[in-house]
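Architecture at a glance
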Amino acid sequence: MKVTVRKKDDHQPLAIHTEFIKLQDALKYANIVYSGGEAKQMILDGLVTVNGEVCTMRGKKLRPGDKFQFEGYKFVITEYAAP
């Protein structure tokens, strides 16, 4: 008998109302950074990963299902679901 163990996904959902959100805007929207300048510097320094890989493109388009991480903060982009 083969048993498969799945890791718990600890990414917090970040719901967007649009088709995509740019990486630097996602960092601000998630309240990880205070300004666009701070977001730009963190991205350019290679401190942010997108889908498990370091991303230095601050204009990278994130769509529902994409995951990003910065210093222990983990988010997954989701579609906004109206109540």
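The structure this text deals with has already been given above.
Residues numbered from 1 in each chain as written. Predicted model: local features only at pLDDT ≥ 70, side-chain atom pairs only at ≥ 80, totals over all residues. Heavy atoms only, no water.

1. Focus: the pairing of strand β7 (residues 73-79)
As paired elements, strand β1 (residues 12-16) and β7 share 5 bridges and run parallel to each other. Among the inter-strand pairings, glutamine 12 is bridged to a residue of β7, identified as phenylalanine 75. Bridge count between strand β6 (residues 67-70) and β7: 4 bridges; the pairing is antiparallel. Bridge pairing links lysine 67 to valine 76 in β7. Between β6 and β7, which pair antiparallel and follow one another directly, the connecting turn spans 2 residues, one of which, glutamate 71, has a positive phi of 40 degrees. (Pairing = 2+ DSSP bridges. Helix = DSSP H or I, 4+ residues; strand = E, 2+ residues; numbered from the N terminus.)

2. Digging into the environment of glutamate 53
Mapped onto the secondary structure, glutamate 53 falls in strand β4 (residues 53-54). By relative accessible area, glutamate 53 is classed as exposed at 58%. Note: C-alpha distance between glutamate 53 and phenylalanine 68 (15 residues apart in sequence) is 9.0 Å. (Buried < 20%, exposed > 50% of the residue type's maximum accessible area, 1.4 Å probe, protein only.)

3. As for unusual backbone geometry
Of note in the backbone geometry, asparagine 31 takes a positive phi value of approximately 60 degrees without being a glycine. Locating asparagine 31 in the fold gives a position in the loop between α1 (23-29) and α2 (36-44).

4. With respect to the sheet that holds β7
By way of backbone hydrogen bonds, the strands of a sheet pair with one another, either parallel or antiparallel. If you walk across this open sheet you meet the 5 strands as β1-β7-β6-β3-β4, and the pairing is mixed. The two strands at the open ends of the sheet, each matched to only one other strand, are β1 and β4. Judged from the 3 bridges that link them, strand β3 (residues 48-50) and β6 form a sheet pairing that is antiparallel. Considered in β6, the bridge of valine 48 is made with phenylalanine 70.

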